[in-house]
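Fold and geometry: a report
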Amino acid sequence: MTRRMIGLLTGLTIVSATVFVSVVLTRGDATSSDGAVIVQAQASQPKAVETKWQDLLPPGPAPKDPFHELTPDQRFDIETIAWVRSLNEDQLKIEQNQQSIQDAKTYQEQFKQAGLDVDQLLKDYAIWDREVLRRSQEVNTGLNGKSVRLAGYLLPLNFSEDGNTEFLLVPYVGACIHVPPPPPNQIVYVTLPKKKIVRDLYTAVWIHGRMLTKTASKELFLIDGSSDISVGYHIDATGYEPYIEQPAQ
């Protein structure tokens, strides 16, 4: 067996961390493509503050990845070491695993010669990963009750020809279906004031409304079943408007 460990540790990082996709967009017309009139903010309502996905993360510095100074080859090698250490007695005897077991011994010696303590690196990584996971469950309580304007991609909880009022707002295309869901503090449960007919997955919109730091689990219905999605926020939307992508400069 070759280096099957690739991605096991870094995969945890990808799931724990948030992927941000930058799209330059401008405000659309006051009427959406499905004919729904956008609810305009009234003078009596608090002005919506434009909010970014980074603002939804909990305050404070993000923990530092203990592998950040390792080369790509060293990250790959330490993953192999960690994988071999995870094998049980029977798995250590499997012929297909022998090459990886031998490679792990070689890599560990290379780390030692480079003055790097593999045991400490793996211990620090486990602590870092737990902290990343903990922070992914936390929200920015300073946003609770605020009137916000947040850009993202609408994903209906359940498709209906008559339209939907319940959606998930996510920061990038593919979230929750084609790739694992973002952490809860990067998913917003959105309720619209009137039904919106969705013709495509991941409709790009600006959402206006009152933000609540309200953790919950929402059932997302898929073609092949359903999935429970943990969310950290709820926007009771007063309206929405479409993205219009600007041409590249």
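Let me sum up the structure you'll find in this document. None of the values given here were measured: they were computed from a predicted structure.

1. Some points on helix α2 (residues 72-85)
Taking 1.5 Å per residue, 14 residues should reach 20 Å; α2 reaches 20 Å between its end C-alpha atoms and fits that length. Taken together, the buried positions of α2 are R75, D77, I78, E79, T80, I81, A82, W83 and V84.

2. Notes on helix α4 (residues 98-113)
If you check α4, its first and last C-alpha atoms are 23 Å apart, about what 16 residues at 1.5 Å a residue would give, namely 22 Å. Among the residues making up α4, those that are buried are S100, I101, D103, A104, Y107 and F111. Burial along α4 is one-sided: seen end-on, the buried residues are contained in an arc of 160 degrees. Relative to its buried face, α4 has exposed residues pointing more than 90 degrees away, namely K105, K112 and Q113. Next to the buried residues of α4 lie α2, α3 (89-92) and α5 (118-137). Just downstream of α4, G115 is the residue with a positive phi angle, here 75 degrees.

3. Points about the packing of α2 against α5
Between two packed helices, both the angle of their axes relative to each other and the distance between the axes serve to describe the pair. Running from amino to carboxyl end, α2 crosses α5 at an angle of 85 degrees, the nearest separation of the two axes being 11 Å. Judged on the interaxial angle alone, α5 and α2 are roughly perpendicular. Between α2 and α5, the residues in contact are I78, I81, A82 and R85 and V118, D119, L121 and L122, respectively. The class makeup of the residues in the contact of α2 with α5 is six nonpolar, no polar and two charged.

4. Section: the packing of aromatic side chains
Within a pair of aromatic rings, the relevant descriptors are the distance that separates the centres and the angle that separates the planes. Evaluation of the coordinates by the stated rule reveals two aromatic pairs. Summarising the aromatic geometry, the rings of F67 and Y125 are spaced 4.6 Å apart at their centres and angled 25 degrees between planes, so their arrangement reads as stacked. Here the residue F67 occupies a position in the loop between β2 (49-51) and α2, and Y125 occupies one in helix α5, the gap between them amounting to 58 residues. Here F67 falls in the buried class, since its relative accessible area comes to 2%. For the ring pair Y125 and W128, a centre distance of 5.2 Å and an interplane angle of 50 degrees mean the geometry is tilted. Note that Y125 and W128 are positioned in helix α5 at a spacing of three residues, about one turn of the helix. The two residues Y125 and W128 agree in class, both being buried. Through pairs of rings, three or more aromatic residues link up here, namely F67, Y125 and W128.

Analysis parameters
What you see as residue numbers is a count from 1 along each chain, following the sequence as written. Note on the predicted model: pLDDT of at least 70 is required for a residue's local features to be given, and 80 or more for side-chain atom pairs to be given and counted; whole-chain, interface and lining totals, by contrast, use all residues. Side-chain measures were taken over the full set of non-hydrogen atoms in the model, leaving aside hydrogen atoms and water. Only DSSP runs of H or I covering at least 4 residues are called helices, and only runs of E covering at least 2 are called strands; the numbering of each starts at the N terminus. Helix span, as expected, comes to 1.5 Å for every residue beyond the first. Only protein chains enter the calculation, and the probe is 1.4 Å; a residue is then buried if its accessible area is under 20% of its type maximum, exposed if over 50%, and partly exposed in between. Comment: arc refers to directions from the helix axis out to C-beta atoms. Here a residue-residue contact requires only that any non-hydrogen atoms of the pair lie within 4.5 Å. Only the stretch in contact is used when a helix axis is fitted, and all axes are lines through C-alpha atoms; the angle between N-to-C directions ranges over 0 to 180 degrees. For classification purposes, angles smaller than 35 degrees are called roughly parallel, those larger than 145 roughly antiparallel, those between 65 and 115 roughly perpendicular, and all remaining angles oblique. Any residue outside Ala, Val, Leu, Ile, Met, Phe, Trp, Tyr, Cys, Pro, Asp, Glu, Lys and Arg is labelled polar, Gly included; the first ten of those are nonpolar and the last four are charged. In this scheme Phe, Tyr and Trp rings, the latter by its six-membered ring, pair at centre separations within 6.5 Å, and the angle between planes marks the pair as stacked below 30 degrees, edge-to-face above 60, and tilted otherwise.

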